Amino acid sequence: MAGTPPPWDDAAAWVTDGGLETDLIFHHGVDLPAFAAFPLVDDERGRGLLEHYYLGYADVARRVGAGLLLETPTWRAGAEWAASLGHDVHAAAGLNHRAVDLVHALRGRLTDLLVVRVIGTIGPLGDGYVAGERLDPDDAASRHLPQVAALAGAGVDAVTAYTMTGAAEAVGVVRAARSVGVPVAVSFTVETDGTLPDGTALADAVRRLEREAPADGYLVNCAHPDHVARALDGGGGDNGHDSGHDSGHDSGDDSGWRSRILGLRPNASTLSHAELDAAESLDEGDLDLLVDRTEHLRQRLPALRVLGGCCGTDVSHVAALWAGPPGRALLGSR
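Residues numbered from 1 in each chain as written. Predicted model: local features only at pLDDT ≥ 70, side-chain atom pairs only at ≥ 80, totals over all residues. Heavy atoms only, no water.

A look at empty space enclosed by the protein
So, step 1. A complete count under the given rule lists 2 cavities of 30 Å³ or more for this structure.
So, step 2. Considering only enclosed or pocket space, the largest cavity measures out at about 70 Å³ in volume.
So, step 3. If you go around the largest cavity, the residues you meet are Gly 78, Ala 79, Glu 80, Trp 81, Gly 123, Pro 124, Leu 125, Arg 143, His 144 and Gln 147.
So, step 4. Broken down by secondary-structure element, the contributors of at least two residues to the lining of the largest cavity are α3 (79–84) and α5 (137–153).
So, step 5. Within the lining of the largest cavity, the residues separate by chemical class into 4 nonpolar, 4 polar and 2 charged.
So, step 6. Roughly 40 Å³ of volume is contained in the second largest cavity.
So, step 7. Around the second largest cavity, the lining comprises 13 residues; the ones closest to its centre are Cys 222, Ala 223, His 227, Leu 271 and His 273.
So, step 8. Per-class residue counts for the lining of the second largest cavity are 5 nonpolar, 7 polar and 1 charged. (1 Å grid on protein atoms, 1.4 Å probe; cavity = no way out; pocket = protein on both sides within 12 Å on 5 of 7 lines; lining within 4 Å. Points joined across faces, edges and corners; volume = space filled by probe spheres on them. Helix = DSSP H or I, 4+ residues; strand = E, 2+ residues; numbered from the N terminus. Nonpolar A, V, L, I, M, F, W, Y, C, P; charged D, E, K, R; others polar.)

As for the pairing of strand β2 (residues 67–71)
Strand residues, when the strand is regular, have side chains that alternate between the two faces of the sheet.
So, step 1. Taking burial as the measure, the 5 residues of β2 include 5 buried ones, the bulk of the element.
So, step 2. Side-chain alternation along β2 places Gly 67, Leu 69 and Glu 71 on one buried face and Leu 68 and Leu 70 on a second face that is also buried.
So, step 3. The sheet contact formed by β2 and strand β3 (residues 116–122) spans 4 bridges and is parallel. Bridging from a neighbouring strand, Glu 71 pairs with Ile 119 of β3. (Buried < 20%, exposed > 50% of the residue type's maximum accessible area, 1.4 Å probe, protein only. Pairing = 2+ DSSP bridges.)

Structural notes on the packing of helix α10 (residues 287–300) against helix α12 (residues 325–332)
So, step 1. Where α10 contacts α12, the two axes come as close as 8 Å, and the packing angle between them is 35 degrees. Counted together, Val 291, Thr 294, Glu 295 and Arg 298 of α10 and Pro 325, Pro 326, Ala 329 and Leu 330 of α12 form the full contact between these two elements.
So, step 2. Of the residues assigned to the contact of α10 with α12, the class counts are 5 nonpolar, 1 polar and 2 charged. (Axes fitted to C-alpha atoms, helices over the stretch in contact; angles between N-to-C directions. Contact = heavy atoms within 4.5 Å.)

Some points on the nonpolar core
So, step 1. Ranked by internal contacts, the top residues of the largest apolar core, which has 86 residues, are Leu 68, Val 186, Phe 188, Leu 202, Leu 209 and Trp 322.
So, step 2. In terms of residue count, the dominant contributor to this core is helix α2 (residues 44–64) (8 residues).
So, step 3. If sequence neighbours within four positions are ignored, Leu 202 has contacts with Phe 188, Gly 194, Leu 196, Val 220, Ala 231, Leu 232, Trp 257 and Ile 261.
So, step 4. Counting residues in each nonpolar core, the second largest holds 13 residues, with Trp 8, Ile 119, Tyr 162 and Leu 262 among its members. (Core = buried A, V, L, I, M, F, W, Y, C linked by side-chain atoms within 4.5 Å.)

Okay, here's the thing in C-alpha cells:
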C-alpha cells in the first residue's frame, strides 16, 4: 500500500457525516459507555441504526452530486479505550475489522453515487475534550498502531484521526499510518479561544506536522465555526502568517498552512468543550448561524473539500450546510 494516493483527490467535494455519538444517544436513546459506538457492530439493532445513519448522509451526497466519505464508527475503538470496555487487543482488532466490513457492505449498495470512499476513524488516546498526558510521538505511534493496522488490514481507503488535542500525538498517528502504508489525515479540535486543548495554536500544530510527519491533509472538528475562525485569525505568535522556516507547503502568506486544511466538521453549539461535557441535554445550535459562519470559514480555506458535522449535528445540519453557501460553493468548484 506504500505510495497509495489519498482518496480525497478522487473528487472536488465530499459529504461526510455528523455527530454519530450524540445522534445515537440523544435521538435514539442508545447507551454508549465511554462514548463508544463501535460495540454496535456486534448487535443487530446497533447495525441497523448505523446503516440508517450512514444512508441519510448518502442521500445528501446523492442530492448534491458530491462524493461520500463513509467513516467507520471506531473513534473510541483504539486498543486502550477498547480495553476499558473489556476488549483485549485481539478483540479490538476484530471489532475494527467488522466496523470496516459493515461500511464496505454499505458502499456496495451505493453504486449510484459519484464516488464513495471508506475512512477508518481514529480518536485520541485521551479525552477529546481535554488535553491529556504529554506524549512522545514515538510512544503515541506504538499505542495507535494496533488500531491503525487493523483498519488498514480491513481495507480502508485512508484513516483520519479526529479530535486531536495536541500535535505530538498527531505526529505519532501519522508515523503509525506510514508504517503500514495507509493514507492519513489529521483533524484537530480547538477551544473557544481558537487554540488546541493543550494550548497550542492551530497554525503551530499544522506546521509541526508538516516538518516532522506530514499528513495527507488536515481537518478541524468538534468546535463551532466561530471558534475555528479564531484559530485562523492567528494564535501562532505571527498574526497567522507563516514564517520562513516552515515546510515547502508554506509560502509566507495566507495560502500557507491554511491551504493544507481540507475539511471541516463543526459542532452545532457555541458552547465550550467543558460546557458540552457537563450538559445533560443536546444543544443543537442555531442552524442559520452554523451555515453562515461555516461559509465565512470556507472563504478562508482554499483547499476545503470535505464538509460534515460533529457533536450536536445530525443529517439535517449537514444537509443545510450543503444546501447553503458553503456546500454550493464547494460543488461549484468542481
